[in-house]
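Geometric and topological summary
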Amino acid sequence: MAAPRAAVLGLPSLTLALSLTVTLSLAPPPPQARVACLGEALFDCIATTASSPTRPAEELEASGAFKKLPGGAPANAAVALARLGTPAAFLGGVGGDADGTELLELMRERGVDCRGAGVLTEACTRRVMVSFLGPTPSPSP
């Protein structure tokens, strides 16, 4: 048997033991789901007016001059997989507000199993405010 590389080089050997425990409080993915997408669901709020990127998000949101589009990479992936015919589930949390309800309904309508999603009754669903200089890009259907 060959000597360990550290011994050949005259270096002291080191043994490192690592233990990692991760606990998730979400329900397991439904049995029929082939892919479980774990993470966030949110609304991307895209400015519909020519505005400066330094305009405060609160001012933009209050003006109502934005297009609200469902987002969040895991939620988007679950919807894309379902559209391609792959059974997918979304495991994540949304707020107990109208936005959270709307996001879960949109995913269900598009064929995503949301039984593992949690509704945080005391929280608001996240919104990401985005503004562009120039024409606002059109979202893909």
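Just so it is clear, the structure is predicted and the values come from calculations on it, not from any experiment.

Attention now moves to the pattern of salt bridges. Pairing is possible between side chains that carry opposite charge, provided their charged atoms lie close to one another. Applying the stated criterion across every chain yields a total of five salt bridges. The partner of Glu40 in a salt bridge is Arg126, and the shortest N-O contact between them spans 2.6 Å. Of this pair, Glu40 sits in strand S1 (residues 35-40) while Arg126 is found in the loop between strand S5 (118-120) and strand S6 (127-130), placing the two residues 86 residues apart along the sequence. Take Glu40: its relative accessible area is 32%, and that puts it in the partly exposed class. You can call Arg126 partly exposed: its relative accessible area is 46%. The partner of Asp113 in a salt bridge is Arg115, with the nearest N and O atoms 2.7 Å apart. Relative accessible area serves as the criterion here: at 55%, Arg115 is assigned to the exposed category.

This brings us to the environment of Pro74. With respect to the element layout, Pro74 can be found in helix H3 (residues 73-83). Between the alpha carbons of Pro74 and Cys37 there is a distance of 5.2 Å; along the sequence they are 37 residues apart. Leaving out residues up to four positions away in the same chain, Pro74 has contacts with Cys37, Leu38, Gly39, Glu40 and Phe90.

About the cut-offs
- Residues numbered from 1 in each chain as written.
- Predicted model: local features only at pLDDT ≥ 70, side-chain atom pairs only at ≥ 80, totals over all residues.
- Heavy atoms only, no water.
- Salt bridge = Lys/Arg side-chain N within 4 Å of Asp/Glu carboxyl O.
- Helix = DSSP H or I, 4+ residues; strand = E, 2+ residues; numbered from the N terminus.
- Buried < 20%, exposed > 50% of the residue type's maximum accessible area, 1.4 Å probe, protein only.
- Contact = heavy atoms within 4.5 Å.

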